[in-house]
Structure formats: structure tokens, C-alpha cells
Amino acid sequence: MQSTNEELETSKEELQSANEELNTVNDELQSRNLELDRANSDLNNVLTSTNLPVVMVDRGLRIRRLTAASTKTLKVLPSDIGRPITDLSPGFNLPNLGQLIAGVVDTLIPIEREIQDREGHWYSLQIRPYRTTDDKIDGAVIVLSDIDEAKKVSEILEVRVEERTAAVRKLSLKVMTVQ
């Protein structure tokens, strides 16, 4: 009986030790869950607060996440998450979008170019590698920035520079003729 009591006492101590370990692990899990909740909240706030069209795709070019601005500009919907971006018609003449994204994923060299939508509105298209927290490449991030106003101002300035250059040439010719 005494031997059985000693075994029970040992088992009780082992159970208490295991219970303490489980409580420690549970506390760590709760702490990590809070960190994960904060990170998800931060990501959701960034995605819902930005006015930039942003789409994240995985290595298979399937849509992972997107901003609300993407729905208007890129013609993607939250229900398109999981679909290949190449299945969509983004409102731009970019037949090689899939190849561009795959190239960025393979080479890790970001792409930036100016593109127009079908209404003639100008955007800066940026495609960058999607890096995980452990720095692995797991897709790409596509960002569009509205540069329409800057493009219009640039075009106006170019015309004015050309006009002034022509006026200076004309004036120079007159001066040379007079001499």
C-alpha cells in the first residue's frame, strides 16, 4: 500500500509538472496569437486605408490579397482571391502581365513602367517580389500609382519647351540675318 501511495504521489508530481508545462505553452500560444492578431489588424488596416491599387499574388500567380482601390482600377473583386490574375481582364492592355510577374518572381528584379488604361489614364505599374517573413520569395506585389496629372503637366511642359526652343531659333536666325 505504501508503495502504491508513493507511485501515486510520483504520478501526481509528474502530472503537476506536465500541467505547469502545458500552462507555459498555453501562455506562449496566447501571446503569439495576440501578436498574430495585431499583425493581421495592421495588414487589414493598410489594405483598407490605402488608396493605391495593390494586389498580392502567389508563385502560381493566384491572387492572395488586394486593396479596395484594386476593384476599380484593376477590375478585381474580393471574390477573385484564389484565382489566377491572368484569368482577369484588368482594364489595361497588358497581355503579358503573367510573364512580367513570373519574370520578377524568377529574377527578383522589380519592374516599373508607365501604362495607360483603356480610357487613356496614366499609371505607374510596379511589380516587386513578395517576400515572406523568413525572406523567401513567394509571389509578387503589384502596385499602381496614378500619374495622370503629372503626365499631363509633363506633356504641357514639353510643348512649351519646344515652343520656346523654336522661338529662340527663330530669333537667332533674325539676329544672324541682321548682322
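None of the values given here were measured: they were computed from a predicted structure.

Procedures and definitions
Along each chain, residue indices are assigned from 1 in the same order as the chain's sequence is written. Residue-level local features of this predicted model are given only where pLDDT is at least 70; pairs of side-chain atoms are given and counted only at 80 or more, and the full residue set underlies all totals for whole chains, interfaces and linings. Think of the side-chain values as coming from all heavy atoms in the structure, minus any hydrogens and water. Burial classes: relative accessible area under 20% of the type maximum marks a residue as buried, over 50% as exposed, and values in between as partly exposed (1.4 Å probe, protein chains only). For helices the rule is a DSSP run of H or I covering at least 4 residues; for strands it is a run of E covering at least 2, with both sets numbered from the N terminus onward. Note on pairing: two strands pair once DSSP finds at least 2 bridges between them. Throughout this description, a polar contact denotes any pair of N or O atoms lying within 3.5 Å of each other; where both atoms belong to protein, one of them has to be capable of donating a hydrogen while the other can accept it, and for residues adjacent in sequence the pair is counted only when both atoms sit in side chains. When checking whether two residues touch, look at their non-hydrogen atoms; a contact exists if any pair is within 4.5 Å.

### Focus: the pairing of strand β4 (residues 122–131)
Alright, step 1. Burial analysis of β4 places seven of its ten residues in the buried class, which makes it a mostly covered element.
Alright, step 2. Bridge analysis of strand β3 (residues 111–116) against β4 gives six bridges, and the strand direction is antiparallel. Looking across to β4, one finds that Ile115 is bridged to Tyr123.
Alright, step 3. Linking β3 to β4, which pair antiparallel, is a turn of five residues; within it Gly120 sits at a positive phi near 90°.
Alright, step 4. Bridging between β4 and strand β5 (residues 137–146) involves eight bridges; their strand directions are antiparallel. When the bridges of β5 are listed, Arg128 appears paired with Val141.
Alright, step 5. The turn linking β4 back onto β5 is made up of five residues, and Asp135 within it adopts a positive phi angle of 65°.

### Some details on the side chain of Asp117
Alright, step 1. Checked against the element boundaries, Asp117 lands in the loop between β3 and β4.
Alright, step 2. Within polar-contact distance, the side chain of Asp117 engages the backbone nitrogen of Glu119 at 3.0 Å.
Alright, step 3. Within the structure, Asp117 has its side chain in polar contact with the backbone nitrogen of Gly120 (distance 3.0 Å).
Alright, step 4. Excluding its chain neighbours within four sequence positions, the residues that come into contact with Asp117 are Gly91, Phe92 and Tyr123.

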